[in-house]
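One-letter residues, chain by chain:
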Amino acid sequence: MAKTRGSAVVAMALMMCLVVLFHCKVAEAATYTVGDASGWTFNMVDWPKGKNFKAGDILVFNYTPGTHNVVVVDESGYNSCTTPSGAKVYQTGKDQIKLVKGQNYFICNFTGHCESGMKIAITAT
């Protein structure tokens, strides 16, 4: 009888584990190429529209090094096209940046580029 009861407990524990596993949603990060085939270029402000970004998703910025860069800025830097002190500047031409939960702002700080729409604002949930 004890053997049967032990088997029943193990079976119940396995069933509970399966129920939990089936109800857990596996979170996978998505990868987005900013600007799609055009890459990181001018007039990017509308590129994020219609996309659902999540914290942990990866943005890939493709561009020719030396002609552009990617700077992580705050809202003020985004709105004024200025680079805050200590801002992270990427310049490889194949930059991969992980989104954080909330607002994420990116600009190119080459003269006139941000003002020409080379900036994006993304909200990640």
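The chain goes by Basic blue protein in an unreviewed UniProt entry, where it is assigned to Forsythia ovata.

Asker: In this structure, what is going on with the sheet that holds strand 2 (residues 58–62)? I would like to understand it.
Answerer: Sheet architecture is open: three strands sit in the order 1-2-5, paired in mixed fashion. Each edge of the sheet is formed by a strand with only one pairing partner; in this case those strands are strand 1 (31–33) and strand 5 (94–98). Here the strands of the sheet are splayed against their neighbours by 20° on average, with no regard to which way each runs.

Asker: Help me understand the nonpolar core, please; the structure alone is not making it clear to me.
Answerer: Looking at soluble globular proteins, one finds that nonpolar side chains tend to be buried together. Trp40, Trp47, Leu59, Phe61 and Ile120 are the most contacted members of the largest nonpolar core, which has 18 residues in total. At the level of secondary structure, the elements contributing two or more residues to this core comprise strand 2 and strand 7 (119–124). Top contributing element to this core by residue count: strand 7, with three residues. Those residues in contact with phenylalanine 61 that sit more than four places away from it in its chain are Val34, Trp40, Val70, Gly93, Lys94, Asp95, Ile97, Phe106 and Ile120. Counting residues in each nonpolar core, the second largest holds seven residues, with Val71, Tyr78, Ile107 and Cys114 among its members.

Asker: Explain the state of the cysteines to me, please; I cannot follow it from the model alone.
Answerer: By definition, a disulfide is the covalent link that joins the sulfur atoms of two cysteine residues. All told, the structure shown has one disulfide when counted by the stated rule. Residue pairing for cysteine 81: its cysteine sulfur links by disulfide to cysteine 114, the two sulfurs lying 2.1 Å apart. Judged by the sign of its S-S torsion, about -70°, the cystine formed by cysteine 81 and cysteine 114 is left-handed. Residue cysteine 81 is found in the loop between helix 2 (75–80) and strand 4 (89–90), and its partner cysteine 114 is found in the loop between strand 6 (102–107) and strand 7; the two are separated by 33 residues along the sequence. We note that cysteine 81, like cysteine 114, is buried. Counting only cysteine sulfurs, cysteine 114 is the nearest neighbor of cysteine 108, a cysteine outside any disulfide, at a range of 8.2 Å. According to the relative accessible area criterion, cysteine 108 is buried, its value standing at 1%.

Asker: Even after reading the chapter, I still don't get the environment of glutamate 75, so can you show me in this structure?
Answerer: When you line up the elements, glutamate 75 lands in helix 2. Look at glutamate 75 and you get partly exposed, because its relative accessible area is 47%. Measuring from C-alpha to C-alpha, the distance between glutamate 75 and glutamine 103 comes to 8.2 Å, with 28 residues separating the pair along the chain.

Asker: I would appreciate a short explanation of the packing of aromatic side chains in the present structure.
Answerer: Aromatic rings in a pair are described by how distant their centres are and how their planes are angled relative to each other. On inspection of all chains with the given rule, the structure shows five aromatic pairs. When the centroid spacing of 6.0 Å and the interplanar angle of 45° are considered together, the rings of tryptophan 47 and phenylalanine 53 count as tilted. Centroid distance phenylalanine 61 to phenylalanine 106: 5.4 Å. Interplanar angle 55°. Geometry classified as tilted. Of this pair, phenylalanine 61 sits in strand 2 while phenylalanine 106 sits in strand 6; the two residues are 45 residues apart in sequence, bridging distant segments of the chain. For the pair shown, phenylalanine 61 and phenylalanine 106 are each scored as buried. Through successive ring pairs, a cluster of aromatic residues spans Tyr32, Trp47 and Phe53. Of note, lysine 88 hangs over the ring of tyrosine 90, and the distance from its end group to the ring centre comes to 5.0 Å. For the cation-ring pair, lysine 119 lies above tyrosine 78, with the distance from its terminal atom to the ring centre recorded as 4.4 Å.

The rules behind these values
Residues numbered from 1 in each chain as written. Predicted model: local features only at pLDDT ≥ 70, side-chain atom pairs only at ≥ 80, totals over all residues. Heavy atoms only, no water. Pairing = 2+ DSSP bridges. Helix = DSSP H or I, 4+ residues; strand = E, 2+ residues; numbered from the N terminus. Axes fitted to C-alpha atoms, helices over the stretch in contact; angles between N-to-C directions. Core = buried A, V, L, I, M, F, W, Y, C linked by side-chain atoms within 4.5 Å. Buried < 20%, exposed > 50% of the residue type's maximum accessible area, 1.4 Å probe, protein only. Contact = heavy atoms within 4.5 Å. Disulfide = S-S within 2.5 Å. Phe/Tyr/Trp six-rings, centres within 6.5 Å; stacked < 30°, edge-to-face > 60°. Lys NZ or Arg CZ within 6 Å of the ring centre and 35° of its normal.

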